[in-house]
Amino acid sequence: MVVVAILAAGRGTRMKSSLPKVLHPLGGFSLVERVLRCVEPLSPSRRMVIVGYQAELVKTALLEIPDLEFVEQTQQLGTGHAIQQLLPHLQGYDGDLLILNGDVPLLRPDTLKNLLQTHKQNQNAATILTAYLPDPKGYGRVFCNGENVVQQIVEDKDCTPAQKQNRRINAGIYCFRWQDLARVLPELQANNAQGEYYLTDAVTQVSPVMAVDVEDSQEILGINDRIQLAGAYEILQRRIKSEWMAAGVTIIEPSSVTIDENVQLEPDVTIEPQTHLRGNTVIKTGCRIGPGCLIENSEIQENVTVKYSVITDSLVASGSRIGPYAHLRGQAQVGMGCRIGNFVELKNTQLGDKTNVAHLSYLGDATTGTKVNIGAGTITANYDGFNKHKTKIGDRTSTGSNSVLVAPLTLGNDVYVAAGSTVTTDVSDDCLVIARPQQVIKPGWVSKQRDAKQQN
Ligand code: UD1
Ligand code: CA
């Protein structure tokens, strides 16, 4: 049985932000959400988040995660002081406590499982995660004897020049036998460079304490400033893209592509350069996305191509071609085998299969049947200044270039709209509608004008 505690009360001064550090986003999730996701596979019996700086904001941000407990640390007097706040909440608890820093977002669940296993196997009072870093600056240094038994942890600011040479650092991830920790917590002192109660001091007051090295030291990168935040994003992106490539996705020029964690891709998807996939986007097999696309919270079904386009909260069915320069948003749905061409915007519009909107159109709040052809420059005038209105277009209907469809409007099946028409009333099946001033031709008019001018 394990209880998890996450330290998230600090302000994160070095971020120079009004937003608490742990709420800074990193690839679709805040730092603290990432830590919570990492502990999920351990099925902890309780998850306690220690909040303090802008506690309400942090709580609100995590509102949707069920069964989280929040413990308030009203003054931020150090990591040891933060854990002291758990004492009244864990009275009588006889299991282990896994402590994580809210600003260490790249941890892998397997690393935690390994830590817990070592802890149990050796019946340790505490087991801590350590790493060797090429540049250990800013981290606490861990000193062990030959058997990996921790003797001392010294914060960077408290290190002597000789101690600073030690590259083995404290990752800020600990597993404690709670009863042992609870006994020493009240005795922590703040006589150090920062005048804080250090949790690291508790580590060496229980015994035995063992250090476990993390395999990939990138996992324990702590985020203290925005440079580290950007560094973590790069690591995360490299991880996500490597996993997708291993799973059968081709990414051309990965360095110019970003993919959020929740995105789902299928084998034989090709992602071209300068493409960004965000939120809960799903892309099915055979699709070719990019170059130059931004796709957010959208589903792209099999064998679709999308070039230089933006798609948000929308669905594209299989075999359709989108772009270049299309914009789909607001629950747009494109049927199978459609073609959406350049400078076309679809907003809350549902297109039937094999429908083409090939050039320069805005369709808002519209539905079409199948095999519809929307001529270049067709616009749905869906807004009267107060309300949005719907346009319905039947099967096989064709609109001529530069048609304006003034909603609310229904065009039946097999309707032809003449080019340049402004259609304001419904049109039934099988009709041609011409709604434009009749063309007038005046033969000889030009020369007559010219002659008249010359006589004057
Ligand atoms: C801490 C460790 C250091 C380790 C490093 C790893 C201590 C004393 N030092 O240092 O050995 O190498 O993490 O990243 O623990 N927090 C609170 N309440 C407080 C103070 C901090 O909840 O009163 C939270 C912060 O929000 C943060 C975490 O604890 O999530 C770590 O605090 P931070 O100030 O970043 O500690 P470090 O100096 O990085
Ligand atoms: Ca830190």
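Rules used throughout
- Residues numbered from 1 in each chain as written.
- Chains lettered and ligands numbered in written order.
- Predicted model: local features only at pLDDT ≥ 70, side-chain atom pairs only at ≥ 80, totals over all residues.
- Heavy atoms only, no water.
- Helix = DSSP H or I, 4+ residues; strand = E, 2+ residues; numbered from the N terminus.
- Buried < 20%, exposed > 50% of the residue type's maximum accessible area, 1.4 Å probe, protein only.
- Contact = heavy atoms within 4.5 Å.
- Areas by Shrake-Rupley, 256 points an atom, 1.4 Å probe, with all protein chains shown as cover.
- Lys, Arg positive; Asp, Glu negative; His and termini not counted.
- Charge placed at Lys NZ, Arg CZ, Asp CG, Glu CD.
- Donors = N, O, S within 2.8 Å, 3.2 Å for Na, K, Ca; no water.
- Pairing = 2+ DSSP bridges.
- Near = heavy atom within 4 Å.
- Polar contact = N/O pair within 3.5 Å; in protein donor to acceptor, adjacent residues only side chain to side chain.
- Nonpolar A, V, L, I, M, F, W, Y, C, P; charged D, E, K, R; others polar.
- Salt bridge = Lys/Arg side-chain N within 4 Å of Asp/Glu carboxyl O.
- Core = buried A, V, L, I, M, F, W, Y, C linked by side-chain atoms within 4.5 Å.
- Domains from an automatic or database assignment.
- Expected span 1.5 Å × (residues − 1).
- Phe/Tyr/Trp six-rings, centres within 6.5 Å; stacked < 30°, edge-to-face > 60°.
- Patch = residues over 30% accessible without salt bridge, like charges linked within 9 Å, V, L, I, M, F, W, Y side chains within 5 Å.

Across its full length, the chain carries 9 helices and 39 strands. In terms of overall dimensions, the chain has a C-alpha envelope of 110 × 55 × 40 Å along the principal axes. Counting across all 456 residues of the chain, residues that qualify as buried make up 49%. Considering only intrachain contacts with a sequence separation of at least 6, the fraction spanning at least 24 residues in the chain is 40%. Of the accessible surface of the chain, which amounts to about 21700 Å², a share of 49% is contributed by carbon and sulfur atoms. Separation between the mean location of the 43 positive side-chain charges and that of the 47 negative ones in the chain comes to 8 Å.

Here the focus is the environment of Q152. Tracing the backbone through its elements, the reader meets Q152 in strand β9 (residues 150–154). Owing to a relative accessible area of 39%, Q152 belongs among the partly exposed residues under this scheme. Residues Q152 and T200 lie 48 residues apart in sequence; the distance between their C-alpha atoms is 8.6 Å. Sequence-distant contacts of Q152, that is, excluding residues within four places in its chain, are made with R141, V142, F143, Q163 and T204.

Take the coordination of the calcium ion (ligand 2) next. For the calcium ion (ligand 2), the full set of protein donor atoms is D103 (OD) and N224 (OD1), and the range of their distances to it is 2.5 to 2.6 Å. Residue D103 is located in the loop between β6 (96–101) and α4 (109–121), and its partner N224 is located in the loop between β11 (209–213) and α8 (226–246); the two are separated by 121 residues in the primary sequence.

On to the pairing of β6. Among the 6 residues of β6, 6 are classified as buried, and the element is accordingly described as predominantly covered. Alternating positions in β6 separate into two faces, D96, L98 and L100 on one and L97, I99 and N101 on the other, with burial throughout. Bridging between strand β1 (residues 2–8) and β6 involves 6 bridges; their strand directions are parallel. For V2, the partnering residue across the bridge sits in β6 and is D96.

Turning our eyes to something else, we now look at the site of ligand 1. Close contacts around ligand 1 come from 24 residues, with L7, Q73, T79, E155 and N170 the closest. A distance of 2.6 Å is found between an oxygen atom of ligand 1 and a side-chain nitrogen or oxygen belonging to E155. Alone, ligand 1 offers 770 Å² of accessible surface; in the complex the protein occludes 91% of this. Those elements that place two or more of their residues in the shell around ligand 1 are β1, α3 (79–84) and β10 (168–177). When residues in the shell around ligand 1 are grouped by element, the largest group, 3 residues, is from β10. Looking at the shell around ligand 1 residue by residue, the classes come out as 9 nonpolar, 11 polar and 4 charged.

Before going further, it helps to examine the pattern of salt bridges. Counted by the stated rule, this structure contains 17 salt bridges. Taking the shortest distance from any N to any O, the salt bridge between E261 and R34 comes out at 2.6 Å. Here R34 lies in helix α1 (residues 31–39) and E261 lies in the loop between β13 (258–259) and β14 (264–265), a separation of 227 residues in the sequence. What you see here is one network of salt bridges that share partners, running through E56, K59 and E72.

Residue position: I379 is located in strand β32 (residues 379–381). When the C-alpha positions of I379 and Y362 are compared, they lie 4.9 Å apart, and in sequence the two are 17 residues distant. Setting aside anything within four residues of it in sequence, one finds I379 in contact with S361, Y362, S403, V404 and L405.

Let us look at the nonpolar core. Core analysis: the biggest nonpolar cluster contains 90 residues, and L98, L100, I220, I289, I322, L328 and I340 have the highest contact counts within it. A domain split of this core shows at least three residues from each of domain 1 (2–220) and domain 2 (240–433). Non-local contacts of I220, meaning those with residues more than four positions away in its chain, are made with V104, L107, L129, A131, L133, Y139, I169, A171 and V214. Judged by nonpolar contacts, the second largest core, of 34 residues, contains Y93, A125, V184 and L199.

What follows covers α4. Taking 1.5 Å per residue, 13 residues should reach 18 Å; α4 reaches 18 Å between its end C-alpha atoms and fits that length. Lining the buried residues of α4 we find β1, α1, β6, β7 (126–132), β10 and β11. Following α4 by one or two positions, Q123 adopts a phi angle in the positive range, close to 45 degrees.

This next bit is on unusual backbone geometry. Cis geometry is adopted by the peptide bond preceding P291, which originates at G290 and carries an omega value of 0 degrees. Note on placement: P291 falls in the loop between β18 (288–289) and β19 (294–296). A positive phi angle, close to 50 degrees, is found at D313, a residue other than glycine. Take D313: it is sitting in the loop between β22 (310–312) and β23 (315–316). Note on D313: relative accessible area 31%, which makes it partly exposed. Notably, R396 is not glycine yet its phi reads approximately 60 degrees, a positive angle. By secondary structure assignment, the location of R396 is in the loop between β33 (391–393) and β34 (398–399).

On inspection of all chains with the given rule, the structure shows 3 aromatic pairs. Centre to centre, the rings of Y308 and Y325 are 5.7 Å apart; their planes meet at 25 degrees, and the pair counts as stacked. In this pair, Y308 is assigned in the loop between β21 (305–306) and β22 and Y325 in the loop between β24 (321–322) and β25 (326–329), connecting sequence segments 17 residues apart. Its relative accessible area of 38% is what places Y308 among the partly exposed residues.

Residues Y308, Y325, F343 and L360 make up a contiguous nonpolar surface patch of roughly 430 Å² in combined accessible area. On the basis of relative accessibility, which here comes to 43%, the residue Y325 falls in the partly exposed class.

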